[in-house]
Every structure is written in structure tokens, then in C-alpha cells.
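Chain and residue survey
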Amino acid sequence: MSSSENLLKDMISGKSMTASQQIGLTVRLSIPAILAQISSIVMQYIDASMVGRLGANASGAIGLVSSTTWLFGGLCIAVTTGFTVQIAQAVGAGEDKSARNIMKQGLIIALCISAMLALIAALISTPLPRWLGGEAAIQKMASQYFLVYMLGLPALQMNSIAGGMHQSSGNMRLPGILNVMCCVMDVFFNMLFIFQTRSVQINSITFTMPGLGLGVAGAALGTITAEAVTCAIMVTALLWKNRTLHLRKGEHLRFHRDTLARAVKIGAPVGLEQMVMCSAYVMSTRIVSPLGTIAIAANSFAVTAESFCYMPGYGVQAAATTLVGQCVGAGQKQLSRRMAWITMGLGVSVMTVGGVLMYIAAPAMIGVLTPNEEIRNLGAAVLRIEAFAEPFYAASIVASGALRGAGDTLVPSCMNFASMWCVRIPLAAILAPRVGLYGVWIAMCVELCFRGILFTTRLKRERWMRVFEEK
């Protein structure tokens, strides 16, 4: 058992811990999750960079459907959350057998739901680019990318839920290592699938690099192949190697109505939130589309580049969900409050530093993704607008994770709805025709600041702590 898992067990058992030990535990749990999140963004960065070499149309094709892929991925996150929060609370309460049964139920249901979502996505893949207002020149490529990527949705779902279950049991390290490995595999598979067979020279050595020349579709296939390999290892490790959750003889799968009902109660608001958020991203795409292929590509690249700043926040969010969830399960009210604010402070600190670095390095970050000077200049300019919102964005991300750990998902989902649809979308629709892509990103910056204030207020008022009165 790792030192982090030992400290986590000491904490939830009520053993006295100093403030520095609590902060140290938070950091230890956060770092592997941060690495996992960064690796996923590196994969997107690699895809965007490689596809960027194929031209602005190829980049615009991926950018056009990216918001819709997030929508389907968000629904998978809802399924993951519905079960991983219950596992964290069961482990915190010392109910390991119950946690293992929740795990088995979650894996089966997640696989079935992701397969259905993949089928729906396949059916809409052809008309989707037209619905989104994409130019005729990029519609076919966008459709191909979306189809291939979405057919791999079950692998993405199982990788996500298995990784979340590892984290909920206190094992943050393994998902981090495997996702970094996934990133390395993505590079290899992309090189194989995107480009034609070619000669490559490194110093004085020349060799033939095989390739299938699938272009944009190859980028999706490369990512999905890497995810599928990682998924196989992640699930295998969960079922046979995880100290708390691995399968035991004599423990048969039983579907419990209470577990499923609670998964719906926790996950449904998250699913609604993801639909609201991602449908807003789709609407943003509709707002950006009339601005032309250059704007679509610059917007897509800037979103990818910004991910390097906010994905560490999602790593801290994972730690917040685990820490608060296990504290709730153990009945540690004061400790759950303390861990919520410690993770909040860590997340805001990390993303504030990231925002400063992003502002300084914006031209270089976009420059890696595309050789097109017009796209580079526009992408760097809008990226710098967003840098000012990163501390507030961090507050909303980490607070959301802490609230999820306590099972508080409905009100945060409503807050996200109000923030996106009452602030960002109307403001973007007003500003885009007047100042172009700059207006869309100004609207985004204003909305993220507003969202951060909402979530900080929710956390501070502590209505989420009513869960202790219900126990």
C-alpha cells in the first residue's frame, strides 16, 4: 500500500493529522491525477499538431465537431460520477464489500450506456457537420473524424470509470501512470495512421516510417487505439490488482435498487450539467462557424492550448472528490470542510500560475499546433484574453469536485446552466458579429469569472454538508 493510501486511511479513521500533513496528502493525491489530466491534453495537443500539418481545413474539421464529442464524453462522465462517488463514500465508511459490488454494477452499466451512445453518434455522424454550419470543404473530414472517434466511445468510457474507481479507492498513482503511457502510444499510433509511408532522417540515419495515410480519420483512430490498450490494462488492474476493489471468491454480482437509484440521483444532474455545458459549446461553435475556417481553427487550437492550464485543476478536482467523499463516508464533518478548502486553495494556486505562463507563452503554444501565421496570431490573441479568468475557473472546477464528493450535484448543475446560457452564450452572440472571435473569448472570460464566484459561494454556505444530517 502506498504512503498516500496509508495517510488517507489514517485521516478517515480519525487519527490526528497536522495541517501540513493534510496539505501534503492533498498534493500527493493531486499530482498523479494532474499528470493523468495533462497527459490527456497532450494527446489532444499531439492530434491537433499533427493534423495541423495537413492544413487549415483539416484543423477546422476537428474543431467543428469537437464540442459534440465533448457532449458525448460528458454523458460518460455522468455515469462515472454516479458510481465513483458511492465507492469513495463506501470505502470511507469501511464497507469494502459494498464498494466492490458497486464497482461491478457500475462497470456493466457504463459499458451498456456507452455502447448505446456510440450507436447514436454513428447515426448522426453524416449530417452533424452540416447541422453545425461547417463549410462544405470540411464537412466530409469532420464526419469521418466524429464517426471513428465515437465508435471508440466504449473504450473511453471504461477507461474513465475504471480510472475513477481506482482514484475513489485512494489509488491515484496507477491511473496517472497509465494515462501517461496512453499519451506515448497516441504519438506512435498517430504517426502510423495519419501520414503516408515516408522516409525519415535523424542525423545521418534514414529509415522508412510506415503509414496508412488516413489523415483526419487517422487522428481519431490513433487516439482510440491508444485509449483501448490503456482501457484493457486499467480494467484488468482494477479487477485483479486493486487492494480494495479486486474481485473476491464468493462475492457475486448483485444489482441493488438503492445503488442504482443513488447513481441516478448523483449522476443524472451531472449528465444534465454536461449536456447543458456541451450544448452551450455546440452553440458557441455555431456562433464561431460564420466567422470562417480560420476562426474555427484558431478557436479549436486556443481551446486545446488552454487545456494545459485548466486540466491540472481537474486533477485537483479528482482529489477533492476522493477526499471529501471518503470523509463523508467516515462521518468526518469538520475534516470534509477542511479538505474542501485545502483542495480549493491548491487548485486556484496551480491554475493562477498556469494562467500567467499561458499569457506569456501563448504565441509559442499556438505556434506548435499550426504553421499558418493567421491562425497563430488570432489563436494567441484570444488565448491571452482567457488567461485572466483562470483563478476563477479553478474555483469552479475544484469546488464542483468537493461538492460531488458529498453527493451535491443538482444545484451545481443548475448553476452551470445559468452561467453558460444566461451569461456566456448571449454575450458571445452579441459580441461575435461586432469583434469576431475576440468577442466569443471575452464572453467566455466574463462567464468563467461569474461561475467561479457562484461555486465559491455555494461551497462557503455549506448547504452541501446537510449530507451529514442524513447519515
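The following paragraphs examine the structure supplied in this document. Predicted model only: the values in this text are computed from it and were never measured.

Let us now look at the nonpolar core. I366, L383, L437, V440 and W441 are the most contacted members of the largest nonpolar core, which has 47 residues in total. Going through the elements one at a time, α10 (257-288), α11 (293-330), α12 (333-367), α13 (373-387), α14 (390-405), α15 (410-435) and α16 (437-461) are the ones with two or more residues in this core. Looking at this core element by element, the count peaks at 11 residues for α11. Grouped together as the second largest cluster of nonpolar side chains are 32 residues, L156, C183, I194 and I224 included.

With that out of the way, let us pick up the side chain of Q89. The topology assignment puts Q89 in helix α3 (residues 56-92). Setting aside its immediate chain neighbours within four residues, Q89 contacts R262, G325, V328, G329, G405, A406 and G407.

Right, let's talk about the packing of α15 against α16 for a bit. Viewed as axis vectors pointing N to C, α15 and α16 meet at an angle of 160°, and their least axial separation amounts to 7 Å. Taken together, the axis directions place α15 and α16 in an arrangement best described as roughly antiparallel. Relative to α16, the crossing made by α15 is right-handed. By residue class, the composition of the contact of α15 with α16 is 21 nonpolar, three polar and four charged.

What follows is about α11. The end-to-end C-alpha separation of α11 is 53 Å, in line with the 56 Å expected for 38 residues at 1.5 Å each. In the structure, α11 departs most strongly from a straight axis at F308, where the bend amounts to approximately 45° and where the proline P312 lies between one and four residues downstream. Burial within α11 is extensive, with 34 of its 38 residues counted as buried. A positive backbone phi angle near 75° is found at G331, which sits one or two residues after α11.

This paragraph deals with α15. Here α15 is 26 residues long and its end C-alpha atoms lie 36 Å apart, about the 38 Å a rise of 1.5 Å per residue gives. Roughly 30° is the biggest bend found in α15, and it falls at A429, with proline P433 one to four residues downstream. Of all the positions in α15, only P412, S413, M415, N416, S419, M420, V423, R424, I425, A428 and A432 are classed as buried. Each element contacted by the buried residues of α15 is listed here: α10, α14 and α16.

Enumeration over the complete set of coordinates arrives at five salt bridges. Here R451 makes a salt bridge to E447, at a shortest N to O gap of 2.9 Å. Of this pair, R451 and E447 both sit in helix α16, four residues apart, which is roughly one turn of that helix. A single burial state applies to R451 and to E447, both of which are buried.

Moving on to the packing of aromatic side chains. In the structure shown here, the tally under the stated rule is seven aromatic pairs. Each ring, one from F188 and one from F189, has its centre 5.4 Å from the other, and the planes form 65°; the classification is edge-to-face. In this structure F189 comes out as buried when scored by relative accessible area, which is 15%. By way of ring pairs, the aromatic residues F188, F189 and F193 are connected into one cluster.

The next thing to look at is the state of the cysteines. Evaluated as defined, the whole model comprises zero disulfides. C112 takes part in no disulfide bond, and the closest cysteine sulfur, belonging to C76, lies 13 Å away. Accessibility expressed as a relative area gives 46% for C112, which makes it partly exposed.

The backbone of E462 shows a phi angle near 65°, a positive value even though the residue is not glycine. Checked against the element boundaries, E462 lands in the loop between α16 and α17 (467-470).

Thresholds applied
Residues numbered from 1 in each chain as written. Predicted model: local features only at pLDDT ≥ 70, side-chain atom pairs only at ≥ 80, totals over all residues. Heavy atoms only, no water. Core = buried A, V, L, I, M, F, W, Y, C linked by side-chain atoms within 4.5 Å. Buried < 20%, exposed > 50% of the residue type's maximum accessible area, 1.4 Å probe, protein only. Helix = DSSP H or I, 4+ residues; strand = E, 2+ residues; numbered from the N terminus. Contact = heavy atoms within 4.5 Å. Axes fitted to C-alpha atoms, helices over the stretch in contact; angles between N-to-C directions. Parallel < 35°, antiparallel > 145°, perpendicular 65-115°, else oblique. Left-handed = near helix turned anticlockwise from the far one by under 90°. Nonpolar A, V, L, I, M, F, W, Y, C, P; charged D, E, K, R; others polar. Expected span 1.5 Å × (residues − 1). Bend = angle between axes of the 7 residues up to and from the residue. Salt bridge = Lys/Arg side-chain N within 4 Å of Asp/Glu carboxyl O. Phe/Tyr/Trp six-rings, centres within 6.5 Å; stacked < 30°, edge-to-face > 60°. Disulfide = S-S within 2.5 Å.

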